[in-house]
Amino acid sequence: MRNSFIALIPAALIAGAAFAQQDMPSADTPLPEQAEGEDAAEAEEAPPPPEVQTTETTGTWTRATESGRETVTYTSDEGEALFSATCMTADTEFGDRIVQIKAASSDDTVGAIDIFTSAGNARVPAAPDMMPDTAAGLADPVSQPTYVLASGAGEIRIASGTRGIIFETDPMLKSLIRGCQPDYSANLPAAAEEEDETEAEPVEETETSS
């Protein structure tokens, strides 16, 4: 009887080990919580941004004034207005000026105009303009976007949505932006100007009798 009981022990151990190997997950099997986390991470991963198709263009610059707004426009040889900058009065009680920038765009939901010149890079928040395939945004006359446009030399690269264009800058663009910037010398106090004039006047020497 004892021998029969002893003989049954190895069989029971072997069956238990086989059951454990069947139920226990392997080291490579992800836990349920881990699998759910990985699925969520994959779902939240944003798709790659669309690739910008950039082309070099040739065209001409023009300058025009209408209703107090001065605009310089770059138009391709095919007659398409690809880029423009306008100096206009901002909608404030102080009458400050602001620069409106428009660029050719390929997307109806565009949110920015990116500018690249030899003076640096800048981004202008923008939205689709009333003109089809065009984006428009506003920039302060003294800001990074206006600085790179007025100071850059040679080529300018503009990207809006998936469309990019490369063209040559022009003195008309630089002149418009610099002319739109505030004249800080006009804000000097009058007292300071009078003091400077007083210092500039020669002082007459008087003789004293001894």
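That block above? That's the structure.
What this report covers is the structure whose coordinates are included nearby. (Residues numbered from 1 in each chain as written. Predicted model: local features only at pLDDT ≥ 70, side-chain atom pairs only at ≥ 80, totals over all residues. Heavy atoms only, no water.)

**So, the layout of surface pockets**
Here comes step 1: Within this model, the largest pocket holds a volume of roughly 360 Å³.
Here comes step 2: As for the largest pocket, its lining consists of 19 residues, and the residues nearest its centre are Thr71, Thr73, Ser84, Thr86 and Lys102.
Here comes step 3: Secondary structure elements with two or more residues in the lining of the largest pocket: strand 2 (59-66), strand 3 (69-76), strand 4 (81-89) and strand 5 (97-104).
Here comes step 4: Among the residues forming the lining of the largest pocket, the class breakdown is 6 nonpolar, 9 polar and 4 charged. (1 Å grid on protein atoms, 1.4 Å probe; cavity = no way out; pocket = protein on both sides within 12 Å on 5 of 7 lines; lining within 4 Å. Points joined across faces, edges and corners; volume = space filled by probe spheres on them. Helix = DSSP H or I, 4+ residues; strand = E, 2+ residues; numbered from the N terminus. Nonpolar A, V, L, I, M, F, W, Y, C, P; charged D, E, K, R; others polar.)

**Details of the environment of Gly59**
Here comes step 1: Secondary-structure assignment places Gly59 in strand 2.
Here comes step 2: The class for Gly59 is partly exposed, based on a relative accessible area of 29%.
Here comes step 3: Distance in space between the C-alpha atoms of Gly59 and Ser76 is 4.0 Å, their sequence separation being 17 residues.
Here comes step 4: When near neighbours in sequence (up to four residues on either side) are disregarded, Gly59 contacts Tyr74, Thr75, Ser76 and Asp77. (Buried < 20%, exposed > 50% of the residue type's maximum accessible area, 1.4 Å probe, protein only. Contact = heavy atoms within 4.5 Å.)

**Remarks on the state of the cysteines**
Here comes step 1: Tallied over the entire structure, the rule returns 1 disulfide.
Here comes step 2: Covalently, Cys87 is tied to Cys180 through a disulfide, its sulfur atoms 2.1 Å apart. Taking the sign of the torsion about the S-S bond as the criterion, the disulfide between Cys87 and Cys180, at about 85°, is right-handed. Taken together, the residues Cys87 in strand 4 and Cys180 in helix 4 (residues 171-180) connect sequence positions 93 residues apart. (Disulfide = S-S within 2.5 Å.)

**Focus on the packing of aromatic side chains**
Here comes step 1: Applying the stated criterion to the full structure yields 5 aromatic pairs.
Here comes step 2: Measuring from ring centre to ring centre gives 6.0 Å for Trp61 and Phe167, while their planes differ by 55°; the resulting arrangement is tilted. Linking Trp61 in strand 2 with Phe167 in strand 10 (residues 163-168), this pair joins segments that are 106 residues apart in sequence. We note that Trp61, like Phe167, is buried.
Here comes step 3: Ring geometry for Tyr74 versus Phe167: centroids 4.6 Å apart, planes at 20°, classification stacked. Taken together, the positions of Tyr74 in strand 3 and Phe167 in strand 10 put the pair 93 residues apart, joining distant regions of the chain.
Here comes step 4: On the accessibility criterion, Tyr74 (3% relative accessible area) is buried.
Here comes step 5: Counting every residue linked through ring pairs, the aromatic cluster contains Trp61, Tyr74, Phe83 and Phe167.
Here comes step 6: A cation over an aromatic ring shows up here: Arg157 above the ring of Phe116, its NZ or CZ 4.1 Å from the ring centre. (Phe/Tyr/Trp six-rings, centres within 6.5 Å; stacked < 30°, edge-to-face > 60°. Lys NZ or Arg CZ within 6 Å of the ring centre and 35° of its normal.)

**Some details on the sheet that holds strand 7 (residues 120-128)**
Here comes step 1: Pairing is mixed across the open sheet formed by 10 strands, whose spatial order is 1-10-9-6-7-8-5-4-3-2. Edge positions in the sheet fall to strand 1 (53-56) and strand 2, since each of these pairs with one other strand and no more. In this sheet, adjacent strand axes meet at a mean angle of 25° when their direction is disregarded.
Here comes step 2: Summarising the sheet, strand 5 and strand 8 (residues 134-139) pair through 6 bridges and their orientation is antiparallel. Residue pairing across strands places Ile101 opposite Gly137, the latter belonging to strand 8.
Here comes step 3: Contacting strand 4, strand 5, strand 6 (112-117), strand 7, strand 8 and strand 9 (155-160), helix 3 (residues 144-151) crosses the sheet at an angle of about 120° to strand 7.
Here comes step 4: Each of strand 2, strand 3, strand 4, strand 5 and strand 9 touches helix 4; the most contacted strand, strand 4, lies at about 25° to it. (Pairing = 2+ DSSP bridges. Axes fitted to C-alpha atoms, helices over the stretch in contact; angles between N-to-C directions.)

**Things to note about the pairing of strand 5**
Here comes step 1: Most of strand 5 sits inside the fold, with 6 of its 8 residues counted as buried.
Here comes step 2: Across 7 bridges, strand 4 lies against strand 5 in antiparallel orientation. Looking at strand 5, one finds that Ala85 is bridged to Ile101.

**Quick notes on the environment of Phe116**
Here comes step 1: As for its position among the elements, Phe116 is in strand 6.
Here comes step 2: A residue is classified by how much of its surface remains accessible, and Phe116, at 24% relative accessible area, is partly exposed.
Here comes step 3: Taking C-alpha positions, Phe116 is 8.5 Å from Leu149, a pair spaced 33 residues apart along the chain.
Here comes step 4: Phe116 has contacts with Asn121, Glu155, Ile156, Arg157 and Ala159, leaving out every residue within four places of it along the chain.

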